Amino acid sequence: MGVRMSSYGKLWIICRPLDLKNDAGSVYKGTPKHDKPDCTFILEDDLFTQIMDGTADPQRAFMSGKLKITGNVLASQKLQAIWENPDEEPEEKMSFAGASDADKELPVTMKSDFVFEIFAERLSEVPELAQKMKVVYHWMVLQSGKKTSDWTVDLKSGAGSIYRGSPKSGKADVTMTMEDEDIILMMLGKLNPQRAFMTGRLKIKGNIMLTQKLNQLWQEILKSGRAVELPILSAILADKPFDPTLRSETCFVELGKRVSRQPDLVMKLNTVFEWNITKNGKKRTQWILDLKTEKGMLCRGPAKEGVKPTVFITVEDDDFADWILFKITADQVLSSNSTKVEGDRSLAAKLIDHLKISAKL
């Protein structure tokens, strides 16, 4: 490998070949003595010093253009292991060692779980997209800096698969660590992956170039129109984090998925529904299901300007969640003393009937 260092635009360059191929290896001034280098680095003198003392990230420098690499880019990552602190624990080893069983339980408030599930469903429909990649990705999902979930995107085995947990066989080619909310923003196209990496919101271990292929695969799925759930769920997922004290929070995502499976609901009902969720009789949250827009829209209330609900449903948090999870029937919800329906009650009944049908699709 050859390292060329410049000094802020001055007309001198220092070449420092690092030969890890011949004999016991050597570093010397000048051009390589044996053949051409497999990889050549071009960077400022100060940046080189910062990379060596750990104050600058070489991957970030490469992405920003401050570090230029010609030749075998993948070989450059092997060099990084020489100056990395051997005592530093790699990110892949993050675990719940020593945690109680309760701590190990995955929360039900992870928004990224829904996107990974959508990703998995769509990938199963177009396995040919995965077969040309042959890469295993490992996602480490954080909440407030702590690991709370992880997902594997295996595009190397068979037709490809996406599942919760670490890779079932071998190591991942790329490990990405990111906050749950940032994963959602990136998947929805509201956060640029390169900018996330440059600002430290996305951390990558392994072959950084392969992350672009994963983004391209996701974009292909979006452009194909197969991720039918995202248009109606985007407002929810991009909004504030779910309230872990309310079971209905994540259940509204399921409601949105059911609505997305019946695009004709807009024509059939042509109504805006307002859901008011209570907890022990006290109002906690409000949701708007707009079935007057072209593809439908589900978001937190109050309704935006120009959107006027005509059917108002007030229901207890547990009742709504149990209905979505089929633990109680719609009739039980509507007949409960804590449930109130204002407006056209028949439209509320029709909506509930259609949502029951779409859950089976």
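What you see is a predicted model, and the numbers here were worked out from it, not measured in a lab. (Residues numbered from 1 in each chain as written. Predicted model: local features only at pLDDT ≥ 70, side-chain atom pairs only at ≥ 80, totals over all residues. Heavy atoms only, no water.)

Trainee: Could you clarify how one ought to interpret the sheet that holds strand β6 (residues 136-143) in this entry?
Mentor: Paired through backbone hydrogen bonds, the strands of a sheet run either parallel or antiparallel to each other. Spatially, β8-β7-β6-β9-β10 is the arrangement adopted by the five strands of the open sheet, whose pairing is mixed. Of all the strands in the sheet, just β8 (161-164) and β10 (202-206) have a single pairing partner and so form its edges. The sheet shows a mean angle of 20° between the axes of neighbouring strands, direction not considered. Note that β6 and strand β7 (residues 146-154) share eight bridges and pair antiparallel. Note that in β7 the partner of V136 across the bridge is D154. Where helix α5 (residues 111-125) meets the sheet, it contacts β6, β7 and β8, and its direction lies at approximately 155° from that of β8. (Pairing = 2+ DSSP bridges. Helix = DSSP H or I, 4+ residues; strand = E, 2+ residues; numbered from the N terminus. Axes fitted to C-alpha atoms, helices over the stretch in contact; angles between N-to-C directions. Contact = heavy atoms within 4.5 Å.)

Trainee: Help me understand empty space enclosed by the protein in this model?
Mentor: To find leftover empty space, a probe the size of one water molecule is rolled over the atoms. The final tally for this structure, using the stated rule, is one cavity of 30 Å³ or more. In this structure, the largest cavity spans a volume of roughly 40 Å³. What lines the largest cavity is W275, I313, V315, F320, W323, V333, L334 and I352. Only β14 (311-316), α13 (317-324) and α14 (330-335) provide two or more residues apiece to the lining of the largest cavity. Class assignment for the residues of the lining of the largest cavity results in eight nonpolar, no polar and no charged. (1 Å grid on protein atoms, 1.4 Å probe; cavity = no way out; pocket = protein on both sides within 12 Å on 5 of 7 lines; lining within 4 Å. Points joined across faces, edges and corners; volume = space filled by probe spheres on them. Nonpolar A, V, L, I, M, F, W, Y, C, P; charged D, E, K, R; others polar.)

Trainee: Please explain the nonpolar core as it appears in this structure.
Mentor: Note on soluble globular proteins: their nonpolar side chains tend to be buried together. Within the largest apolar cluster, 75 residues are counted, with the highest numbers of intra-cluster contacts made by W139, L255 and W275. Take this core: its biggest share by element is six residues, from α5. Not counting residues within four places of it along the chain, the set of residues in contact with W139 comprises F116, S149, D150, W151, V153, M176, M178, I183, M186, L202 and L214. The next biggest cluster of nonpolar side chains, apart from the first, holds nine residues, and it includes F41, L43, L47 and A61. (Core = buried A, V, L, I, M, F, W, Y, C linked by side-chain atoms within 4.5 Å. Buried < 20%, exposed > 50% of the residue type's maximum accessible area, 1.4 Å probe, protein only.)

Trainee: Honestly, the pattern of salt bridges in this entry has me stumped. Any pointers?
Mentor: For the coordinates displayed, the defined rule picks out 16 salt bridges. With its nearest N and O atoms 3.5 Å apart, the salt bridge here joins K111 to E181. Placement of K111 in helix α5 and of E181 in helix α7 (residues 180-187) is noted, with a sequence separation of 70 residues between them. A relative accessible area of 0% places K111 in the buried class. Of the charged contacts in the structure, one is a salt bridge between K156 and D173, with a shortest N-O distance of 3.1 Å. One end of the pair, K156, is in the loop between β7 and β8; the other, D173, is in the loop between β8 and β9 (174-179), and 17 residues separate them in sequence. Given the relative accessible area of 39%, K156 is considered partly exposed. (Salt bridge = Lys/Arg side-chain N within 4 Å of Asp/Glu carboxyl O.)

Trainee: Even after reading the chapter, I still don't get the sheet that holds strand β11 (residues 272-279), so can you show me in this structure?
Mentor: Read from one edge to the other, the open sheet built from five strands follows the order β13-β12-β11-β14-β15, with strand pairing classed as mixed. A single partner strand is all that each edge strand has here, and the edge strands are β13 (297-300) and β15 (340-342). Ignoring which end each strand starts from, the neighbouring axes of this sheet average 20° apart. Here eight bridges tie β11 to strand β12 (residues 282-290), and the two strands are oriented antiparallel to one another. For V272, the partnering residue across the bridge sits in β12 and is D290.

Trainee: Looking at this model, I keep getting lost on the packing of aromatic side chains. Mind explaining?
Mentor: To describe a pair of aromatic rings, you give the distance between the ring centres and the angle between the ring planes. One pass over the full model with this rule turns up ten aromatic pairs. Ring geometry for F114 versus F242: centroids 6.4 Å apart, planes at 90°, classification edge-to-face. One end of the pair, F114, is in helix α5; the other, F242, is in the loop between α10 (229-237) and α11 (248-260), with 128 residues separating them in the sequence. Residue F114 is classed as buried on the basis of its relative accessible area of 14%. Accessibility expressed as a relative area gives 5% for F242, which makes it buried. Ring centres of F252 and W275 lie 6.2 Å apart, and the angle between their planes is 80°; on these two criteria the pair is classed as edge-to-face. With F252 in helix α11 and W275 in strand β11, this residue pair connects regions lying 23 residues apart in the sequence. (Phe/Tyr/Trp six-rings, centres within 6.5 Å; stacked < 30°, edge-to-face > 60°.)

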